[in-house]
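# An overview of the molecular structure
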Amino acid sequence: MTNQKMTLGEFIFDNQSAFPYSTGELSKLINAIRLAAKITNHEVNKAGLVDILGDAGNTNVQGENQQKLDVYANVKFIQTLIQRGIVCGIASEEEEDFIAVNSHDGKNSNQYVILIDPLDGSSNIDVNASVGTIFSIYRRTSPIGKPVELKDFLQPGNKQVAAGYVMYGTSTILVYSTGRGVNGFTLNPALGTFYLSHPNLQFPENGRIYSVNEGNYVHFAQGVKDYIKYCQREEENRPYSSRYIGSLVSDFHRNLIKGGIYMYPRIGPRQNGKLRLTYECNPIAFLTEQANGVATTGYERILDVKPTALHQREALFCGSKNMVEDLIHFVRRDTL
Ligand SMILES: O=P(O)(O)OC[C@H]1O[C@](O)(COP(=O)(O)O)[C@@H](O)[C@@H]1O
Ligand SMILES: [Mg+2]
Ligand SMILES: [Mg+2]
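Residues numbered from 1 in each chain as written. Chains lettered and ligands numbered in written order. Predicted model: local features only at pLDDT ≥ 70, side-chain atom pairs only at ≥ 80, totals over all residues. Heavy atoms only, no water.

### Quick word on the site of ligand 1
Asp120, Gly121, Tyr244, Leu248 and Tyr264 are the nearest of the 17 residues found near ligand 1. Glu93 is positioned such that a nitrogen or oxygen atom in its side chain is 2.9 Å from an oxygen atom of ligand 1. Coverage of ligand 1 by the protein amounts to 88% of the 470 Å² it exposes when considered alone. Of all the secondary-structure elements, those providing two or more residues to the shell around ligand 1 are strand S5 (112–120) and strand S13 (261–264). Considering every element that reaches the shell around ligand 1, the biggest residue donor is S5, with three residues. For the shell around ligand 1, a count of residues per class yields five nonpolar, five polar and seven charged. (Near = heavy atom within 4 Å. Polar contact = N/O pair within 3.5 Å; in protein donor to acceptor, adjacent residues only side chain to side chain. Areas by Shrake-Rupley, 256 points an atom, 1.4 Å probe, with all protein chains shown as cover. Helix = DSSP H or I, 4+ residues; strand = E, 2+ residues; numbered from the N terminus. Nonpolar A, V, L, I, M, F, W, Y, C, P; charged D, E, K, R; others polar.)

Structural data, given as structure tokens:
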């Protein structure tokens, strides 16, 4: 079976030729993510056996308790990227500020910046439920030859050149896009090789799954409440099924395969939701649109939101086209 399937390495190489002016830098970057994913996967898989469960005892810039695996994945991704000298800057959920990385030639000659959520779904680590890693890649706008600047990380999501996630679940899968569709690669742990298992992933236009933390229901805007009630009503092909793993990557991946909508709304008038625009909403929205789905704040296309801060939060509704359009209808009706 595996021999027929293309490996991730072969896919990266084959797809490089699709970009006439390619320098190979993006291919090297995806390769480095592949390596860091394998290193992190190795540790995730033996989480119950080694001292990697529980709190790390620190609080990150979000005010959240860092889990040991958050810290481990953060260190491994940053180390792997810096050692290979293929990015000019790294931003991470677990780092207050961005990290400027000089190229090995010392001339700041690299053109890409990367933003990462090293471990997504941290609350699932200790209970052995699936978690993930999310990444988002941009071409810098600051001049080559100079150190990277904050503005390189605060570009709107529609400027991404690539984005993806790794899901550490029943199997480990790396799903990404360089703007030419979405493909998924499953890790064969015996060989340590990712194989193309899910070519050209597409959201079904309709789905029957809604994913939201209903524990926050009372804080949702009326339009969101109305849409959730609509999902639960006994009519046409509803009620939909409620599924919520509590890890954005895992809930998104399921909905991508089966059809569905993921929602993390604003919680109350002030709080702009929980998810971070630059390294959670934007990469997931990029994949959503590349897979024929829709990703919105409820009022605006996620990819058009202009970031103003590295760790800013934004509401996220994404998934099957017709389901998200129904959601937008209810949300906008609420503001009339
Ligand atoms: O427990 P809640 O409030 O529903 O939040 C769950 C959401 O928070 C997250 O865990 C946030 O991501 P991190 O674990 O990377 O901080 C998402 O993966 C998930 O969808
Ligand atoms: Mg996350
Ligand atoms: Mg995280």
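### Description of helix H3 (residues 68–84)
Given 3.6 residues per helical turn, the α-helix brings residues three or four places apart onto the same face. For H3, spanning 17 residues, the distance from its first C-alpha to its last is 25 Å, which sits close to the expected 24 Å at 1.5 Å a residue. Of the positions making up H3, those classed as buried are Leu69, Asp70, Tyr72, Ala73, Asn74, Phe77, Ile78, Thr80 and Leu81. Directly beyond the C-terminal end of H3, a positive phi value near 50° is found at Gly85. (Expected span 1.5 Å × (residues − 1). Buried < 20%, exposed > 50% of the residue type's maximum accessible area, 1.4 Å probe, protein only.)

### Quick look at the pairing of strand S9 (residues 183–188)
Taking burial as the measure, the six residues of S9 include six buried ones, the bulk of the element. Sheet topology places strand S8 (residues 172–177) next to S9; four bridges connect them, and they run antiparallel. Paired with Tyr176 across the two strands is Asn183, which belongs to S9. Taken together, S8 and the strand that follows it, S9, pair antiparallel across an intervening segment of five residues, in which Gly179 is found at a positive phi of about 90°. When S9 meets strand S10 (residues 193–198), the two strands line up antiparallel, connected through five bridges. Residue pairing across strands places Phe185 opposite Leu196, the latter belonging to S10. Where S9 folds back onto S10 in an antiparallel hairpin, the turn is made up of four residues, including Gly192, whose phi is positive at roughly 65°. (Pairing = 2+ DSSP bridges.)

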